[in-house]
Amino acid sequence: MIVVSGPASADLGKKICECLNCPSIDVKIKVFPDGEYALRFDGDVADKEVVVVQTTGPPQDTNVIQLLLMLDAAKDLGAKKVTAVVPYLAFARQDKRFLNCEAVSANTLVKLIEACGVEKFITVNIHSENILKKFQIPTLNLSAITLLAEHFKNSGMNGAFSLSPDKGAVGLAEEANSILGGGCGWLHKERDRYTGEIKVEEKSLKVKGKDVVVFDDIISTGGTIARAIKMLKNQGARRVYAACAHPLLIGEAKIKILENGAEEIVGTDSLATSVRTVSLAPLIANALIR
Ligand code: R5P
């Protein structure tokens, strides 16, 4: 097995190689004056089992195109088997037509990835499992929540309450609770499909004096998790932490979350942001040799 560490996941790719004790191939990019670029593997992939690691957070268009170029090139250069490891799958929140005449972007991504001839697709806490059903090839959706919860447990947060900021993510709080053991719950959130505005319903959570960790798949603008944290603090929660698999942290997200009372934001290296405290490398490495 050989790991191609894509430009958007160079560090994570190398960490996966360390876990697997296998070689890593870097990717060289030559940019042309018009902004186009040529991508080249810094090593031979012919007849090898190739794992391409490339996350697709911002800039999504560039990272998606580079992912597709790498997958297609690996096949074209004679790789025996190609596995795509895409920790964060861009456009996964657009997995259906919410408004008339919208593009179902997640479906388009699935078609493009499959068209490159890959044999397997691995991702982490995909926003909607429905997307995986669109693939014809085997897929694996790993969860970073156990790793995140273990991080909190090892940092003295055993017994903390686990909360998901919307009902759709209740499975995340339940998974975390199996490690932290302090009980779990969820909030009811609604997003206006036209304005993007979020409303989180007030709910009594019985968290007075308790430590709480709010778990979500994605933190984007931080609006969802900041509202949950504010509610928890208003209800007398002691220490409150924000945790997620994919810390997009757009704009003022980090400040917003901390100003609303979070002690810390803990994310993974699914995306190369400043809160990538927990590495996905062991989780992905184990999945690759399963
Ligand atoms: C949406 O349903 C996701 O699970 C996240 O809750 C959402 O993407 C977070 O977005 P934001 O940080 O902008 O509120």
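Everything numeric in this text was worked out from a predicted model, so none of it was measured. Throughout, residues of each chain are indexed from 1 in the direction in which the sequence is written. Thresholds applied to this predicted model are a pLDDT of at least 70 for local features of residues and 80 or more for the giving and counting of side-chain atom pairs; totals over whole chains, interfaces and linings are not thresholded and use all residues. Side-chain measures here rest on the full set of heavy atoms in the structure, leaving out hydrogens and waters.

Visitor: Talk me through the site of the ligand; I want residue IDs and the actual numbers.
Guide: Note on terminology: near, applied to a residue and a molecule or strand, indicates that one of the residue's heavy atoms is within 4 Å of it. In the vicinity of the ligand there are 15 residues, among which Asp216, Asp217, Thr221, Gly222 and Thr224 approach most closely. A distance of 2.5 Å separates an oxygen atom of the ligand from a polar atom in the side chain of aspartate 216. Polar contact criterion, stated in full: a pair of N or O atoms within 3.5 Å, where within protein one must be able to donate a hydrogen and the other to accept it, and residues adjacent in sequence count only if both atoms are side-chain atoms. Contacts to the ligand include threonine 224, whose side-chain N or O atom sits 2.5 Å from an oxygen atom. Accessible surface area values rest on a Shrake-Rupley calculation with a 1.4 Å probe, where residue burial reflects the displayed protein chains alone. For the ligand, the protein covers 91% of the area, taking 370 Å² as the surface of the free molecule.

Visitor: Which residues make up the domain arrangement of the protein chain, and what values go with them?
Guide: Domain start and stop positions are those given by an automatic or database domain assignment. For the protein chain, the assigned domains read domain 1 (2–143 + 280–289) and domain 2 (145–269). Of note, the centres of domain 1 and domain 2, computed from C-alpha atoms alone, are 28 Å apart. Facing the 15 residues of domain 1 at the interface are 16 residues of domain 2. Put simply, buried area is how much 1.4 Å-probe accessible surface two parts lose in total, over both of them, once they are put together. Overall, the association of domain 1 and domain 2 removes approximately 1400 Å² of surface from exposure, summing both partners, and the carbon and sulfur fraction of that is 62%. Definition used for salt bridges: Asp or Glu carboxyl oxygen within 4 Å of a side-chain nitrogen of Lys or Arg. Between the two partners, domain 1 and domain 2, sit 1 salt bridge. Here lysine 15 ties to aspartate 269 by a salt bridge, and the two come within 3.8 Å at their closest N and O atoms. Where domain 1 touches domain 2, the interface holds 6 residue pairs in polar contact (both at pLDDT 80 or more). Here a residue-residue contact requires only that any non-hydrogen atoms of the pair lie within 4.5 Å.

Visitor: Can you explain the sheet that holds strand 7 (residues 120–124)? Please cite residues and give values.
Guide: Pairing is parallel across the open sheet formed by 6 strands, whose spatial order is 2-1-5-6-7-8. The open sheet is flanked by strand 2 (24–25) and strand 8 (139–142), the only strands paired with a single partner. Pairing between two strands requires that DSSP report at least two bridges joining them. In this description a helix means any DSSP run of H or I spanning at least four residues, a strand means any run of E spanning at least two, and both kinds are numbered starting from the N terminus. Summarising the sheet, strand 1 (residues 2–5) and strand 5 (residues 49–53) pair through 4 bridges and their orientation is parallel. Bridge pairing links isoleucine 2 to valine 50 in strand 5. Along the sheet, helix 1 (residues 10–20) contacts strand 1, strand 2 and strand 5; its crossing angle with strand 1, the most-contacted strand, is approximately 165 degrees. Axis definition: a line fitted to C-alpha atoms, over the contacting stretch in the case of helices. Angles run 0 to 180 degrees between N-to-C directions. Lying on the sheet, helix 9 (residues 281–289) is in contact with strand 5, strand 6 (81–86), strand 7 and strand 8; it crosses strand 8 at an angle near 150 degrees.

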